[in-house]
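The chain contents come next:
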Amino acid sequence: NNTTMSRQIVQPVNQVRLTNVAVVRLSRGGHRFEVACYRNKIVNYRQGTETDLSEVLQTERIFTNVSKGQFANSKTLKKCFDTSNEEEVCRFILANGDVQVSDQERAAQLESTAREVASMVSEKCVHPISRRPYTMPQIRDGMKAAGFMVHPTRNIKQ
């Protein structure tokens, strides 16, 4: 008689978990349409190096909300895009929609930009008394102390 029975976690079978997902969002006719794509493939698709939709999209369906798994119905698609052909609509959304960036990616981007700015400063500046270049940690501390913020849309030299 085993009283500490190991319980298995029951997960819904019909629910598809999308990982490494980038969401491309487009609002049209008062409705929100989203497609779930592979993050690195969107850039390739927009540059024209990737044309195969099945390589770019995680699933060839159009969502009203990817994270909740809500699909857009064909009546709404017909009303907003004049077609219920999901492939055509997917291509339109990929071409004209906005790619949603996750918090972690944004943080990583800001961190690497700040590091580049600090390395640029360390190359150009020397300590006035010792005539030695400032180290990266010294510059990073100075940037923090001065309340320096990296602007997400500007390039590094600005």
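Residues numbered from 1 in each chain as written. Predicted model: local features only at pLDDT ≥ 70, side-chain atom pairs only at ≥ 80, totals over all residues. Heavy atoms only, no water.

Trainee: With reference to specific residues and values, describe the packing of aromatic side chains.
Mentor: Overall, the coordinates contain three aromatic pairs when judged by the stated rule. A centroid spacing of 4.9 Å and a plane angle of 65° characterise the contact between F33 and F81, whose relative ring orientation is edge-to-face. Here the residue F33 occupies a position in strand β2 (residues 31-38), and F81 occupies one in helix α3 (residues 74-81), the gap between them amounting to 48 residues. Residue class for F33 comes out buried when judged on its relative accessible area of 0%. One aromatic cluster in this structure is built from F33, F81 and F92. (Phe/Tyr/Trp six-rings, centres within 6.5 Å; stacked < 30°, edge-to-face > 60°. Helix = DSSP H or I, 4+ residues; strand = E, 2+ residues; numbered from the N terminus. Buried < 20%, exposed > 50% of the residue type's maximum accessible area, 1.4 Å probe, protein only.)

Trainee: I'd love a proper account of the pairing of β2, names of residues and values included.
Mentor: In summary, the side chains of a regular strand alternate between the two faces of the sheet. Pairing of strand β1 (residues 21-28) with β2, which is carried by eight bridges, proceeds in the antiparallel orientation. Across the sheet, residue V24 finds its bridge partner in β2, namely V35. The turn joining β1 and β2, which pair antiparallel and follow one another in sequence, is formed by two residues; a positive phi near 60° is taken by G29. (Pairing = 2+ DSSP bridges.)

Trainee: Requested: an account of the packing of helix α5 (residues 103-124) against helix α6 (residues 136-145), with residues and values cited.
Mentor: When two helices pack together, their arrangement is given by the angle between the helix axes and the distance between those axes. As a packed pair, α5 and α6 sit with axes 9 Å apart at the nearest point and diverge in direction by 115°. In this structure, the crossing between α5 and α6 has a hand that is right-handed. When α5 is examined against α6, the residues E111, A114, R115, V117, A118, S119, V121 and S122 are found in contact with a partner set consisting of M136, I139, R140 and M143. Of the residues belonging to the contact of α5 with α6, the class tally is seven nonpolar, two polar and three charged. (Axes fitted to C-alpha atoms, helices over the stretch in contact; angles between N-to-C directions. Left-handed = near helix turned anticlockwise from the far one by under 90°. Contact = heavy atoms within 4.5 Å. Nonpolar A, V, L, I, M, F, W, Y, C, P; charged D, E, K, R; others polar.)

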